[in-house]
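Listed here are the chains, written in short residue letters.
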Amino acid sequence: MKNKLYFLLGLLSLFMIISCNFQIPQKITVKTSPTVKASAGTVDLKVEDFITVEKIKDMVSKTEVEGLNVMEYKNSNTEAMTFLVHYPLEKVSFDISEQISQIQSSLENMNFTLDSESSSTSFQIPDINQSFDQTTTVELSASVIEEINNGMKPISLSYYDEGSGINIGFIPETGRTDYYSQTFGGLEDEISHIKFSMENDEDEALAEKIIFGENSKIIITFDQIVSNNPESANPYTVEITSFGLRDAEGNVIVQNTSISTELTDENPQIVLDMSNITLPTVSYIFFGIRTKGGDPTPEPLHTTTARVSISETTTIKEVTGFSLKEEDGETDTIINYAIPTQTIDLSSFDGIDMFKEAEIEDGNITINFDLPDVENWNGINAFLNLSVEQENGLNVTQTNVNLITTKTLTIPLNNQIINTNSITISGNAQFSVTNPGEDGNPSKITFEELGKIAIGIVGNVDINKFSTATVKIPSEYISKLQQTQEIEVPADLKTWVKEIAFDELSVEFEIDTTLPINNEIGLNVTSTAFDLDDTFSLCRTDESITTLVDKIEKTNFTILPRELGDYFDFSIGITLPNQTEVDGETYTTISNITSGENISFQVKKITPVINWNKIIVSPDGEMGSFSGMYPLETDENGEAVSGIDISVLGDYLKNLEFNEVSALIYLSSPLFEEIMSRTEESGLSGKVWATYKTDEEDLEGQTTYFMGSAEDEALVNFVETPVIDQNTTIYTEALPNPSAKVNFASILNAHPMDLRLNYDFALDEITILPEDLETLSENAAELKVDIILLLPLELNIAEGMSNAEIDLSQFIYPSESEESEENSGEGTEETVKDLLGRTEPIEIDEITEFLKDFSVSLEFDYENNLGIACSVVMEDTAANSKIPKKEFSIRKTASSEKIKLTKEEMEYVLKTYPFAPDLKLLITDDIKIPSFDKSPSIKMTVKMAVYADVDYTLDLTGNGEE
Amino acid sequence: MKKLICIILALSIFTCVFAEINPTSRIFEFGFGLNAGVSNNYFAISDFLTEEIVLDFNEISDKLSNNGLRLNLAGDADFFINVNTKKLKFGVFVNADIDGYSSIPKALMDFVAKGNTLDVPMEDELGIGGTAYGVIGASVGWKFKVGFVDEYDEDTRKAVAIKLTPQYFMPIFHVPNPQNSLFLKASSNGAVTASANADVSVYTPFSLENFDTGEIASVFSSGGLDFTVEAEYPLFKFLDLGVRVSNFPLKPAKLNNVTKIKMSASASIDEDGVLGYYQDELKSSSEESEGEEEAAEESSFVETTYNMDEIQYLTEETSIYRPFKIAFLASYRPLNNNLLILKPMISFKFKDPASAYNGLFGTANFDMDLGITVESRPLKILRFSLDMLREEAVWKQQFGFALDLRLMELNFAIGSESNSFIKSFTGSGLTAGLSIKFGF
């Protein structure tokens, strides 16, 4: 059993091994056949993306031409898309009322005011009215003290014994034992009854009474008192221990009991506090002494005098019975006190910035004085000297004004010149004292403030009126006073108008002003164009008149436009009263003017009147002709301008021709029509022609006449010109009948270059009267010459041809300039992109090696709304081409076409550079592209399917590949 | 992950631990085993062992399932020592396990073979992933009787075996499902969009930047802990039932380093298409001819981008669990002897990210293993087995042979495997295993 089982297992294993038949791989084969699909998307080409009004405009005019307009033309008569090209050749208006209106308007709008926000210009005359006040403090008591101190005689300290009638020295010597010594000896005693009087050496009282204030002192200075024997063994000393004054009744006026002053050789002093003390003329000194030492012989010497003075710090409340005299004792002493200068700054006064100077007709300075308690004074004289000055201006002096009796002083400023500098008021006060006074009473003066007198001065400068005032005219306003208006003389006016006759030319001025009476304003009006130069002046003659009116006038004259300059000019100059110029500044001097007055000046109205009565029209060309061309041969800078170049049409439109391109010439002028019918004149005749070249070698060029001929002019009928809005893009109205109509197609079909339209018209002399214009509507006084081209996108196959071809290659193969590496910086060479947009071939061998077969299928789904049925033909003309001619049709509807490229074809296409087969649009029917509102376009979707059959074997043994 | 295969092989075929489902014959044994497998779901081994290998994409596209072309690789090696007493069993083992997979999407194959269809996108994801572990484990099992002795002294008790195996697993690298995608669409309006993206993260216990062999030790410190527990019960003499809970997680492994590679490429043509581009160019050149001489901008209708980020070496912790399984086992002996033993098995697997690509249900969180083993032990020293299993998303048809001389046991197995059940019979993949035990 076991053996059978083992046998079966072994047999099974053997079968398995035999059946496996494994081998080592020698080849690997890859097989697959995918079809990769993709869509190239959809291209929706609309005509409006490529043919637009702007492109047409750019084609017919390389430079900006005024009035040239291109728009779509669409009405019931148009089936194909049509463009309207409007070129206004001439547009001349003979209604010179526009120019006259401009002249009038410019004159009326002249603005002679400085500030546009204000209708008038004004001058502010400063109102100089300024008050001032000040207080001058006069310390007169110092003079009194000085006078008393200087004049007071020394005090005799002698003692007069009335009993013996002997003057003896009042101070005993200690060393003496005699009577005096015993009588007065004692070492300490009081000495009194020594007379002290405020008198001079002539015993004249210097003051009867002085009432002292605070901090008042008198100083007693002793002269040399004691002179000891130098050899004395017991020197003699005297010490003052008290000092005082008593009145005649023995009452103590003042005393100082705490003194310890030794009388030495050095002029010792004793000070008495006199604060609030009343000192009479005569008083009596008393004082205590203490003596020591002394030798009997020789007797020490001692003096008997002392000098009394009032300290300088002393204040005096009142002094009575004194005088101030010079040394001669006769002449009164004059005490001067300078009054601080008062300055009035005028810079802040309104109008001072415009003000220069003025002569005062009515003005003064008023000053009020204030001296305290002057009613109680006696024997006091006080005078004031005053000056009012201004640099280069005011200069007034007032002297000896009695301050005691004068309360108010008025200084007249009439006829003084005042300017803008500051006014200074300066002066001095003079005091003198006489005792007794004029009334015989002793002099007396009281001081409100201790020892001082405050002199109050309150003044006012008040100027009411100027006889003349000079103010500055701002420089920016000077230019306003002289203005010129220029209205361009239209070139057409010179071209077309020979003469203009006028009935009247006047300019009336209306001026509002508050200038004082008789201040004259000057006016000057000039015009070269109108041969005018007139000057006049005007002024107010009455206060009730504030508006001044006057005018210049010229009548019955003519002007010749062709002799005019570039402008109709008018210059108006205004001169203000007494206008002068000094150092580059301009001033006006106004008379009879009140201070503070605001003077206004306004040119309220300028009324020009221009009336013409005749215009003679005659073009300035030979025999009254006018001519022109489009485009002009030179631009406004003088650069040459080439004509219209539409030769490029020849590249695209082979065997395709425009059927009809209407060139409509319109000449219109209701005015001329009216006048010619009235005068039975022959009217307008001329010719219109085109010049162009068919190619570069056509040196002589071609000429095609649309109207008239080289020899003859055609009579032109005036017609109605269509009204074309420059801003519209679509014109839908029917065009009126033109003066002339020609077919422009033959010229376009010649694909011309340097194309110009020329015209030449002759016009007899015509006289236009104002009434001719009055009966016509707006713009009817114009002469207009317009050309309108109607360009339909309707092309026919040329006669005798069965079809037409449009070469698409130049669209498909745009060339790009690339810098040549070899000639870097020196030049360029053109690199052409081929049909696949390549600039080099594609190496596909490594790809095709794996491909047994592959093909590309292209499916074109399109919707054609262009009105064109055509075939697209691709033909590779290369000698070794492997691409047969391929063609697919595009119908006028929606459809689908397929093209298949085999492996061989695709390999050729991909390997070949440049692959640039001829691509043509083959057209067999006439083309009529519908209008924009039908959205002419072609929409095409391209789908691509790439089929690849891969069957590639890799031989692992290295013996080759399949 | 393939460790499970090893364990199952060990348990079910070679290393019969004990009880009747997987009996053992030695009290002490040690040994080692090797297993390897490679499979795909389309090609047969014989397709490559022929003179000319033919890659016919048309045929591949036609016959390939919607799951795409899959390739699985697995291998493991282990060493073990077991002590088997009558009631107690002990064992330790060391295991190294590596597996990986890749998936080429069906859509890509279809495109290569047939091309595309307008307006129909070709989009799919390219799957690739893999993990390697080292595992150290120990097992302990005991056997005890349950039941009773009836009043007639008839012993109705039956021996129940329970085994607990804690395992310390150490990831060496881990590549989770990367985000790799392909997209291609050609639209009728002319738009074309093609894109490819790859975002691959490789988690490792050490940084691959400036790698130093000394860092290998970090593998041992980054491991996780899980355990397996299984129980067997002899319902009848001819039928044993078992249940096994594998990889019950206790602690996840932690990988702190990640190497990231990101790439993307795209090419597109916008909806205007090539013709739209040329139409615009034609219009603009037409406008320029009007005088607007603006500088022509360099432009192209194809917009292409290509990005490849620099390889990033980052520190980023990720937690790794091994897939958790619950398996139900049986051992049926219809002849009531060992000549014919049928061992069916069904297992429910959770938390395996690879299941999103190769699972039966296409979900990342759930998959099933199942199969049956037909075993015969005509002699005590001889054992044959035939396995028809689906394990770790691979179908296997395997023949096993064991020679047990008690002192030494040799186990050998070889089979065919594939992701496709059908292909697993045709040799689309190969699996082989060998183990040797010594003991007494």
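Here the residue numbers are simple positions, counted from 1 along each chain's written sequence. Numbering of ligands from 1 and lettering of chains from A proceed in the order in which they are written. Local features in this predicted model are restricted to residues of pLDDT 70 or higher, and side-chain atom pairs are both shown and tallied only at a pLDDT of 80 or more, whereas totals for entire chains, interfaces and linings draw on every residue. With hydrogens and water excluded, all non-hydrogen atoms of the structure serve as input to the side-chain values.

A.B. asks: Lay out the sheet that holds strand E22 (residues 316-320) of chain A with the relevant residues and their values.
C.D. replies: Each strand in a sheet pairs with its neighbour through backbone hydrogen bonds, running either in the same direction (parallel) or in the opposite one (antiparallel). Residues and elements named next belong to chain A. With antiparallel pairing, the 4 strands of this open sheet are ordered in space as E18-E11-E22-E30. Edge positions in the sheet fall to strand E18 (278-280) and strand E30 (444-446), since each has one partner strand and no second. Direction aside, neighbouring strands of the sheet carry axes that sit 10° apart on average. As judged from the 3 bridges shared by strand E11 (residues 209-212) and E18, these two strands associate in the antiparallel manner. Counterpart to Lys209 in the pairing with E18 is Pro280. When DSSP finds two or more bridges between two strands, those strands count as paired. Helix numbers and strand numbers start at the N terminus; a helix is a DSSP run of H or I with at least 4 residues, a strand a run of E with at least 2. To get an axis, a line is fitted to the C-alpha atoms, and for a helix only the part in contact is used. The angle between two axes follows their N-to-C directions and goes from 0 to 180 degrees.

A.B. asks: Can you tell me about the interface of chain A and chain B, naming the residues and giving the values?
C.D. replies: Where interface size is quoted, it is often the accessible area lost as the parts come together. Working rule for contacts: check all heavy atoms of both residues, and any pair within 4.5 Å makes them a contact. At the interface, 40 residues of chain A touch 40 residues of chain B. Of the roughly 3,100 Å² buried where chain A meets chain B, counting both sides, 57% is carbon and sulfur surface. For this analysis, a salt bridge means a side-chain nitrogen from Lys or Arg found within 4 Å of a carboxyl oxygen belonging to Asp or Glu. Here chain A is connected to chain B by 0 salt bridges. Think of a polar contact as two N or O atoms within 3.5 Å of one another; within protein, one of them needs to be a possible hydrogen donor and the other a possible acceptor, and neighboring residues in sequence only count if both atoms come from side chains. Taken together, chain A and chain B are joined by 17 residue pairs in polar contact (both at pLDDT 80 or more). Mapped by element, the contributors of at least two residues to the side of chain A that touches chain B are helix H1 (2-20), strand E1 (27-32), strand E2 (35-46), helix H2 (47-50), helix H3 (53-60) and strand E62 (937-955) of chain A. The element best represented in the side of chain A that touches chain B is E2 of chain A, accounting for 11 residues. Looking at side-chain class alone, the side of chain A that touches chain B contains 17 nonpolar, 13 polar and 10 charged residues. Two parts placed together each lose some accessible area under a 1.4 Å probe, and the buried area is that loss summed for both. Three classes are used, and their members are as follows: Ala, Val, Leu, Ile, Met, Phe, Trp, Tyr, Cys and Pro are nonpolar, Asp, Glu, Lys and Arg are charged, and the others, Gly among them, are polar.

A.B. asks: How would you summarise unusual backbone geometry if you had to cite specific residues and measurements?
C.D. replies: All names here are of chain A. In this model, Tyr913 is joined to Pro914 through a cis peptide bond whose omega is -10°. One non-glycine residue with positive phi stands out, namely Asn215, at about 60°. Here Asn215 shows up in the loop between E11 and strand E12 (217-222). At Asn400, a position not held by glycine, the phi torsion is positive, near 50°.

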